[in-house]
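# Architecture at a glance
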Amino acid sequence: NGFPNLMLCHCPSSTLDLSLVRFITAELTRGYFLEHNEAKYTERRERVYTCLRIPKELEKLMTFGFFLCLDAFLYVFTLLPLRVILALLRLITLPCCGLSGSRLLQPAQVCDVLKGFIMVLCYSMMSYVDYSMMYHLIRGQSVIKLYIIYNMLEVADRLFSSFGQDILDALYWTATEPKEKKRAHIGVIPHFLMAVLYVFLHAILIMVQATTLNVAFNSHNKSLLTIMMSNNFVEIKGSVFKKFEKNNLFQMSNSDIKERFTNYILLLIVCLRNMEQFSWNPDHLWVLFPDVVMVIASEVAVDVVKHAFITKFNDISADVYGEYRASLAFDLVSSRQKNAYTDYSDSVSRRMGFIPLPLALLLIRVVTSSVKIQGSLSFMCVLLFYLGMITLKVLNSIVLLGTSCVFVKEANMEEKLFDPPPSAVSSRVNSRAHLAPENPQVANMAESSAPTLPKSDSDTFLTTPDGDDDKIINANTGLEGDGLEHRTPKKDLLEIDRFTICGNRID
């Protein structure tokens, strides 16, 4: 009894063998029941199904957003020149017809004329920029230096887009502001000069981007193109392992739509420049085709992987992309109403950060320098091409409008079409707060007589709080509203544009 360890040494070997056989047998035949933890495994399966649905839902949103950007981009080439001509004809014929109203031109016509003048002035300035000298200057740089320059250009493009739309909006409002209001601006001419300077600089920036991409395509070892494509995969590392809310993911989706459309235009510019250098030989187009497909495929793959893992880590359903699509469709439908308060192209610019004027200016500059128009047959071809662009623009607008109406109806957002814009509602509430009477009885009568705006179910549908917000709400339910005063209200998707701060950051 005093030496148990020594007694174990004298145990027969058959007992040890039986124990080892019993252990191996138990390991080979033991079972377990997954239904005891059914909720956990069901959640894991739903996550897998969500990841499998992400490519389809994301590409639906990307396709819809691409045609939205295409519609706003074609507007600059097709309908904007015609609208500018009509506005100028109104100015010319106004002395003959007499002054019918208090304004010489309608606010929309004033904005169209300003856009036309900006395009004409910037194009005349772009004619002094030598594309060939810029190409050879960039081609002489090292690969690493070009990679750094390209990354800096992407950051600068986002900064220009964020501030550029504010400059254009300030110009439009300054030129169309009612005369009765107090003058609180520096004048139309300074705003116009700032807008011209912005569009010119942004066009130069995009030209440098296109030139760098052209150098990457024409390099012998394709090392620069490979490095630039790998930069897209670095974007996964910077985005996937961060906390995202639905609003932040909406911003990222808009940014990806804008980036994909811009890359398509840059690839078109690169192909035009290369075809011009090879005398429009169609065989050279097949030489560029593999690189173009490789760039597009890498962009699509990065977007799919990035969104799939963001939705997985943040427990976001794939149905959220349907909400994003409905929000973009709402912008299109609301801009077609009689009481629209903004132009559709400007709405796309604010929502996605896509400003078509600099990109259209660069494309016009490249096309006019690459294609030589000589003779009456060439002018007939240009006229037919312009009529074809107008036809494409009209067909695209009709299909988009019909599709958008379907999306808005499916999201139960029809009632919001008759609501005033959020800024008007907030200013109205602030004015009522400042003009509130001191007598509470009068205040109650005023509140009861004020008309209530119709509210649809999409308000809660588009502003579902995340998990952290649910915890805050549950923690503050016992405070009888005292704790809720310090919590910032949840923003609706319709109030969020590309550069709205959501969750203390912009994605």
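Per chain, the residues get numbers from 1 upward, laid out in the order the sequence is written. Reporting of local features is limited, given that this is a predicted model, to residues whose pLDDT is at least 70; pairs of side-chain atoms are given and counted only at 80 or more, and all residues count toward the totals for whole chains, interfaces and linings. Side-chain figures throughout are based on the complete set of non-hydrogen atoms in the structure, without hydrogens or water.

Labelled according to an unreviewed UniProt entry, the protein appears under the name Transmembrane anterior posterior transformation 1b, originating from Sparus aurata. Taken from UniProt, the Sequence similarities (unreviewed entry) comment for the protein reads in full: "Belongs to the TAPT1 family." What the UniProt record of the protein gives under Subcellular location (unreviewed entry) is the line "Membrane". UniProt positions are given in the numbering used here, feature names are shortened, and annotations may be inferred rather than shown by experiment.

Think of a pair of aromatic rings as described by two things: how far the centres are apart, and how the planes are tilted against each other in angle. Pairs were defined over the aromatic rings of Phe, Tyr and Trp, the Trp ring being its six-membered one, requiring ring centres within 6.5 Å. Orientation was assigned from the angle between planes: stacked under 30 degrees, edge-to-face over 60, tilted for the rest. Under the defined criterion, the tally for this structure stands at 13 aromatic pairs. Look at Phe64 and Phe407: their rings are 5.3 Å apart centre to centre, the planes differ by 80 degrees, and that puts the pair in the edge-to-face class. Highlighted residues: Phe64 in helix α3 (residues 38-77) and Phe407 in helix α15 (residues 376-410), separated in sequence by 343 residues. The rule is simple: take the accessible area with a 1.4 Å probe, protein chains only, and divide by the maximum for that residue type; under 20% is buried, over 50% is exposed, in between is partly exposed. You can call Phe64 buried: its relative accessible area is 6%. In this structure an aromatic cluster arises from ring pairing among Phe66, Phe67, Phe73, Phe77, Phe261, Tyr264 and Phe354. Strands here mean DSSP runs of E at least two residues long; helices mean DSSP runs of H or I at least four residues long; both are numbered from the N terminus.

This next bit is on the nonpolar core. Here is a general trend for soluble globular proteins: nonpolar side chains tend to be buried in one another's company. In this description, a nonpolar core means a group of buried Ala, Val, Leu, Ile, Met, Phe, Trp, Tyr and Cys residues linked to one another through side-chain atoms lying within 4.5 Å. The biggest cluster of nonpolar side chains holds 108 residues, and the ones touching the most others in it are Phe73, Ile118 and Phe217. A per-element tally of this core places helix α8 (residues 188-218) first, with 16 residues. Not counting residues up to four positions away in its chain, the partners in contact with Phe73 are Phe261, Ile265, Phe354, Pro356, Leu359, Ala360 and Leu363. Contact definition: two residues touch when any of their heavy atoms are within 4.5 Å.

A few words now on the environment of Leu68. Considering the arrangement of structural elements, one finds Leu68 in helix α3. Along the backbone, Leu68 and Leu328 are 260 residues apart, and their C-alpha atoms lie at a distance of 8.5 Å. Setting aside chain neighbours within four positions, we find Leu68 in contact with Leu328, Leu332, Tyr344, Met352 and Leu400.

Moving on, we come to the packing of α3 against helix α10 (residues 246-277). Axis definition: a line fitted to C-alpha atoms, over the contacting stretch in the case of helices. Angles run 0 to 180 degrees between N-to-C directions. For the pair α3 and α10, interaxial distance at closest approach is 9 Å and the crossing angle is 60 degrees. Taken together, the axis directions place α3 and α10 in an arrangement best described as oblique. Crossing angle aside, the handedness with which α3 passes α10 is right-handed. Together, Glu59, Leu61, Met62, Gly65, Phe66, Cys69, Leu70 and Phe73 of α3 and Ser253, Asp256, Ile257, Arg260, Phe261, Tyr264 and Ile265 of α10 make up the contact between the two elements. Note that Gly is not counted as nonpolar here; it falls among the polar residues with everything else outside the nonpolar set of Ala, Val, Leu, Ile, Met, Phe, Trp, Tyr, Cys and Pro and the charged set of Asp, Glu, Lys and Arg. By residue class, the composition of the contact of α3 with α10 is ten nonpolar, two polar and three charged. These descriptions rest on fixed angle ranges, namely under 35 degrees for roughly parallel, over 145 for roughly antiparallel, 65 to 115 for roughly perpendicular, and the rest for oblique. A crossing counts as left-handed when the near helix is turned anticlockwise from the far one by less than a right angle, and as right-handed when that turn is clockwise.

On to the pattern of salt bridges, then. Close approach of charged atoms allows side chains of opposite charge to pair. Definition used for salt bridges: Asp or Glu carboxyl oxygen within 4 Å of a side-chain nitrogen of Lys or Arg. Under the defined criterion, the tally for this structure stands at 15 salt bridges. Residues Glu323 and Lys246 are paired through a salt bridge, measuring 3.1 Å at the closest nitrogen-oxygen approach. Placement of the pair is Glu323 in helix α12 (residues 320-335) and Lys246 in helix α10, with a sequence separation of 77 residues. With a relative accessible area of 12%, Lys246 lands in the buried category. A cluster of three or more residues bridged by salt bridges with shared partners is formed by Glu59, Asp256, Arg260, Asp303 and Lys306.

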